[in-house]
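# Fold and geometry: a report
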Number of protein chains: 2
Amino acid sequence: MTRRTTPPQPREALTRQRVLLAAVRLADAGGLETLSMRRLGEAVGVEAMSLYNHVANKEDLLDGMVDLVFGEVDLPAPGEPWREAMRRRADSMRLVLSRHRWAIGLMESRANPGPATLRHHDAVLGCLRRAGFSLTLTAHAVSVLDSYIYGFALQEKTLPFDTPEETAALAESIAAGFADGQYPYLAEIATAHVMRPGYSYGDEFTFGLDLVLDGLQQAAG
Amino acid sequence: MTRRTTPPQPREALTRQRVLLAAVRLADAGGLETLSMRRLGEAVGVEAMSLYNHVANKEDLLDGMVDLVFGEVDLPAPGEPWREAMRRRADSMRLVLSRHRWAIGLMESRANPGPATLRHHDAVLGCLRRAGFSLTLTAHAVSVLDSYIYGFALQEKTLPFDTPEETAALAESIAAGFADGQYPYLAEIATAHVMRPGYSYGDEFTFGLDLVLDGLQQAAG
DNA sequence: CCTTGCGAACTTACGGCGTAAGTCTCACTT
DNA sequence: AAGTGAGACTTACGCCGTAAGTTCGCAAGG
C-alpha cells in the first residue's frame, strides 16, 4: 500500500496565500506599522525567517496584500451601463478601502501589480471603451475617477473620529481654540456646518462622485 | 564693558527651524525612509539625541515639516475671482507636492495642523464664502477639490518614470508582456495612447481640474 | 533498505531604528 | 564666586528587516 502523498500533519502547511491573509488581518487590526515579520510569523505559528520561503521580502509581501485587496473590489458587470458600473465600482472601492485603511497609500503606487490588480484595471478600461469612450477620454475618465476616489479615501482615512457625535465634539473643541478670531472661516464651518446634528464627512463622497460622473457624461456627448 | 548677549560661536545655534529645514532637504533628496534621527543629526552637525531639544519626537518633526510645506503653497489673492484662485492654488499645490513627494501621504492626514496649514485652509474657505458659496457648497467644493488634487498627486507620485521617453519605453515593455491577449484593454491603452509621442501623464491634471471647476460653477448657479 | 536530495522550517547575528535616562559643559545670572 | 539651566553628549534597550548557515523529515533512486 503506497503512502498518501500528503499525510495530514499536525500543523497546516504554510502557503503564500495563508501568509498574505494573515498579514492583511494583522494590518486591518493594528495598522501597517504593527505588521512586522516577527509578529506575522507568530500569527501563523512560525519563526519570522520561515516566511521568506513564501515571500521574497517585505515589499513582495505588501504587493501580495494589495493584490488581495484589489480582488475584493466589484468589477463592472458585463452588460452594465457605464455610469452605473463606475458608480458601483467607486462605492465598492470606498467600502474596501474602509475595511483596509492601511492599503490607501499603497494601492495606487505599487510598482508590481498582481493579477487581480491588472484584471481590475482592464475591466474598468473595457467598460468605458465598450460604452463608446474614445481612447483619450477613457484615459481622462480613469485618471479623474481614480484620483477622486483615492484622494477622498486618503482624507477620510485619518479623520480621528468615526461617529457623528465624535465629529461634532472635536469640531467644537477646535472652534473653541479659534475663539480669538484667527481663522474665522474655519471657525464658521466647524461650528455652523460640521457640528450640525447628523453631519458625516462620508456623505460628501456622493456629491463629488456625481459631479465627476456628470462631467464625464457631458464630455462623452 | 558688558559681554554681548549672543557672542558668535564656532557652531551656529541650532533651532527648530534649522532642524525642520534640514529634515525637509533630507527627505527631498532621499525620500522619507532615509530620514532618520541619526542622519538628521549628522546633517546639522549634532548627535541624534540633541534633536530632541527642538522637536518632541519624530511625529512632531513630521508635523513641522508638513507645515513648512503648506507654507510654500500660494494662497488666494484678496480680490481674485474664486475660479482663478482655486486653479492657481491647485497648480501651486501640485508644484509643491512634486518638489516634496514624501509629503503626499502626510499633508492630508496629520492630526496636529500647524499655523501655515490652518492659514491655508482658512484662506481657501474664505475665498469661496466671499464668492457667495453657501456653507454646504463650500464644504462640498473643498472636499472634491482636495480629494482630486491629493489623489492625482498620489497616483503621479510613484509613476516610475519622469520623461515621456521613459514612459513610452515602460508602456511598451508592459504591452509586450500582455501579448497573450489577457488584459486587452490595458494593452490597447498602453500601445495606442501612452506610447504616443509627447504623452505625459501630468497633462491629465488639467482635464480633471476643469471638469471639477465646471461642476462647481454649475452648482454655484 | 538505504542513501541522497531538497524544501521548509529553525537559529544566530548584524546593522539600523526611535527614544528613555542620565551626564557633562559652559555662558549667563545673581 | 556660586548657582542655574539649556543644550549638547553617552549609553542602553527593545524593536526592525534580513543575510547566512543549520536541522529535519519526507520522497524518490539505487
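Rules and cut-offs
- Residues numbered from 1 in each chain as written.
- Chains lettered and ligands numbered in written order.
- Predicted model: local features only at pLDDT ≥ 70, side-chain atom pairs only at ≥ 80, totals over all residues.
- Heavy atoms only, no water.
- Helix = DSSP H or I, 4+ residues; strand = E, 2+ residues; numbered from the N terminus.
- Buried < 20%, exposed > 50% of the residue type's maximum accessible area, 1.4 Å probe, protein only.
- Least-squares fit on C-alpha atoms with pLDDT ≥ 70 in both.
- Axes fitted to C-alpha atoms, helices over the stretch in contact; angles between N-to-C directions.
- Parallel < 35°, antiparallel > 145°, perpendicular 65-115°, else oblique.
- Left-handed = near helix turned anticlockwise from the far one by under 90°.
- Contact = heavy atoms within 4.5 Å.
- Nonpolar A, V, L, I, M, F, W, Y, C, P; charged D, E, K, R; others polar.
- Salt bridge = Lys/Arg side-chain N within 4 Å of Asp/Glu carboxyl O.
- Phe/Tyr/Trp six-rings, centres within 6.5 Å; stacked < 30°, edge-to-face > 60°.
- Buried area = accessible area lost by both parts, 1.4 Å probe.
- Polar contact = N/O pair within 3.5 Å; in protein donor to acceptor, adjacent residues only side chain to side chain.

Residues and elements named next belong to chain A. Even without a glycine there, the phi angle at tyrosine 183 is positive, about 55 degrees. Residue position: tyrosine 183 is located in the loop between α7 (164–177) and α8 (184–194). Residue tyrosine 183 is classed as buried on the basis of its relative accessible area of 11%.

Moving on, we come to the relation of the copies chain A and chain B. Placing chain A over chain B gives an RMSD of 0.0 Å and needs a rotation angle of 180 degrees, together with 0.0 Å of translation along the axis. These values place the two chain copies in the arrangement generated by a two-fold rotation axis. If distances are taken from each C-alpha of chain A to the rotation axis, the shortest is found for glycine 151 of chain A, at 1.8 Å.

The next thing to look at is the packing of helix α4 (residues 82–99) of chain B against helix α9 (residues 204–220) of chain B. All names here are of chain B. Running from N to C, α4 and α9 cross one another at 150 degrees; their axes reach a closest spacing of 11 Å. With respect to α9, the axis of α4 lies roughly antiparallel. Handedness of the crossing formed by α4 with α9: right-handed. Residues Trp82, Arg83, Met86, Arg87, Ala90, Asp91 and Arg94 of α4 form the contact with α9, whose participating residues are Phe205, Leu209, Asp210, Leu213, Asp214, Leu216 and Gln217. Here the contact of α4 with α9 is built from residues that sort into seven nonpolar, one polar and six charged.

Pairs may arise between side chains of opposite charge once their charged atoms sit close together. Under the counting rule described, the total for this entry stands at 21 salt bridges over all chains. Between arginine 88 of chain A and aspartate 74 of chain A there is a salt bridge whose closest N-O contact spans 3.5 Å. You can see arginine 88 of chain A sitting in helix α4 (residues 82–99) and its partner aspartate 74 of chain A sitting in the loop between α3 (58–70) and α4, a full 14 residues away along the chain. Judged by relative accessible area, arginine 88 of chain A falls into the partly exposed class, the value being 32%. Connected through salt bridges with shared partners, the residues Arg83, Arg87, Asp91, Asp210 and Asp214 of chain B form a single ionic network.

Using the criterion set out here, one finds ten aromatic pairs over all chains in the structure. Of the aromatic side chains, those joined through ring pairs into one cluster are Tyr148, Phe152, Tyr201 and Phe205 of chain A.

Quoted interface sizes are often the accessible area lost when the parts come together. Counting from both sides, the interface comprises 47 residues of chain A and, opposite them, 47 residues of chain B. Taken together, both faces of the contact between chain A and chain B bury some 4200 Å²; the carbon and sulfur share is 69%. Taken together, chain A and chain B are joined by two salt bridges. Here glutamate 188 of chain A ties to arginine 129 of chain B by a salt bridge, and the two come within 2.7 Å at their closest N and O atoms. At the boundary of chain A with chain B, the tally comes to 14 residue pairs in polar contact (both at pLDDT 80 or more). Breaking the side of chain A that touches chain B down by element, the ones donating at least two residues are α5 (115–130), α6 (135–157), α8 and α9 (204–220) of chain A. Tallying contributions element by element places α6 of chain A first for the side of chain A that touches chain B, with 16 residues.

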